[in-house]
Amino acid sequence: KFDLVLWPAATMRDTLVYQLPEDYQPEYLPETVVAESPFGKYSFSVTEANGKLVCIRFEERFQGRYPATQLDAFLAFRKLVDKGDRQQMVLVRGE
C-alpha cells in the first residue's frame, strides 16, 4: 500500500447572505456541522436574523503524508464534509 499524500494545503471561507422575500420564512434550516481531524477542519452553519439567512462555510485542508492505514479516517472526514455541504433548507410562504 502507498501513503496518502494530501497536497496542497488550502483554506476556503464562504459567507452567503440571502434576503428572504417578505412573505417567506424558513421551515427547516440545515444543522450546524463542526469537524476537526488530522486532515483538516470544516464547519458549516446557517442562521436567520432580520429576514436574512446567513450561511457560513469554512474548510481548511492540511498538507501532509499519512500512512495508508489512515485512508478510512480520511474518507470518513471527506464524507462528513460532503454531507454538510449537501444539506438543504426549506422555505415556506406565510399566510
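Residues numbered from 1 in each chain as written. Predicted model: local features only at pLDDT ≥ 70, side-chain atom pairs only at ≥ 80, totals over all residues. Heavy atoms only, no water.

Participant: An account of the overall build of the protein is requested, with residue identities and associated values reported.
Facilitator: Helix and strand counts for the protein come out as one helix and eight strands. Taken against the 2.2 N^0.38 rule, which gives 12 Å for 95 residues, the C-alpha radius of gyration of the protein at 17 Å runs more than 25% over that of a compact globule. Taken along the three principal axes of its C-alpha coordinates, the protein extends 60 × 20 × 15 Å. Taking the intrachain contacts of the protein between residues at least 6 apart in sequence as the baseline, contacts between residues at least 24 apart amount to 72%. Where the 12 positive side-chain charges of the protein centre and where its 14 negative ones centre are 8 Å apart. (Helix = DSSP H or I, 4+ residues; strand = E, 2+ residues; numbered from the N terminus. Rg over C-alpha atoms; globule rule 2.2 N^0.38 Å. Contact = heavy atoms within 4.5 Å. Lys, Arg positive; Asp, Glu negative; His and termini not counted. Charge placed at Lys NZ, Arg CZ, Asp CG, Glu CD.)

Participant: I'd love a proper account of helix H1 (residues 71–85), names of residues and values included.
Facilitator: For H1, spanning 15 residues, the distance from its first C-alpha to its last is 21 Å, which sits close to the expected 21 Å at 1.5 Å a residue. Along H1, the residues that are buried comprise Phe-74, Phe-77, Val-81 and Gly-84. Mapping the buried residues of H1 onto a view down its axis gives an arc of 90°, with all of them on the same face. Exposed side of H1, more than 90 degrees from the buried face: Asp-72, Lys-79 and Lys-83 are the residues found there. (Expected span 1.5 Å × (residues − 1). Buried < 20%, exposed > 50% of the residue type's maximum accessible area, 1.4 Å probe, protein only. Arc of directions from axis to C-beta.)

Participant: Any details on the sheet that holds strand S5 (residues 40–49)? Residues and values, ideally.
Facilitator: Strand order across the open sheet formed by four strands is S2-S6-S5-S4, with antiparallel pairing between neighbours. The open sheet is flanked by strand S2 (10–19) and strand S4 (33–37), the only strands paired with a single partner. Strand-to-strand, the axes of this sheet are offset by a mean angle of 10°, without reference to chain direction. Summarising the sheet, S5 and strand S6 (residues 52–61) pair through 10 bridges and their orientation is antiparallel. What sits directly across from Ser-43, in S6, is Phe-58. (Pairing = 2+ DSSP bridges. Axes fitted to C-alpha atoms, helices over the stretch in contact; angles between N-to-C directions.)

Participant: I'd like a rundown of unusual backbone geometry, residues and numbers included.
Facilitator: That bond from Trp-7 to Pro-8 is cis: its omega, -5°, falls within 30 degrees of zero. On the secondary structure map, Pro-8 appears in the loop between strand S1 (4–6) and S2.

Participant: I'd like to hear about the packing of aromatic side chains, residue by residue, with values.
Facilitator: Within this structure, the stated rule accounts for two aromatic pairs. Seen in terms of ring centroids, Phe-39 and Phe-74 are 5.4 Å apart; in terms of plane orientation they differ by 75°. Their pairing is edge-to-face. Here the residue Phe-39 occupies a position in the loop between S4 and S5, and Phe-74 occupies one in helix H1, the gap between them amounting to 35 residues. Summarising the burial analysis for this pair, Phe-39 and Phe-74 share the class buried. Each member of the aromatic cluster is reached from another via a ring pair, and the members are Phe-39, Tyr-66 and Phe-74. (Phe/Tyr/Trp six-rings, centres within 6.5 Å; stacked < 30°, edge-to-face > 60°.)

Participant: Hey, could you go over the nonpolar core for me, with residue numbers and the actual values?
Facilitator: Among the nonpolar cores identified, the biggest contains 13 residues, and Leu-4, Leu-6, Phe-39, Tyr-42, Tyr-66, Phe-74 and Phe-77 are the most heavily contacted of them. Only S1, S4, S5 and H1 provide two or more residues apiece to this core. Excluding residues within four positions of it along the chain, Phe-77 makes contact with Ala-35, Ser-37, Phe-39, Gly-40, Lys-41 and Tyr-42. (Core = buried A, V, L, I, M, F, W, Y, C linked by side-chain atoms within 4.5 Å.)

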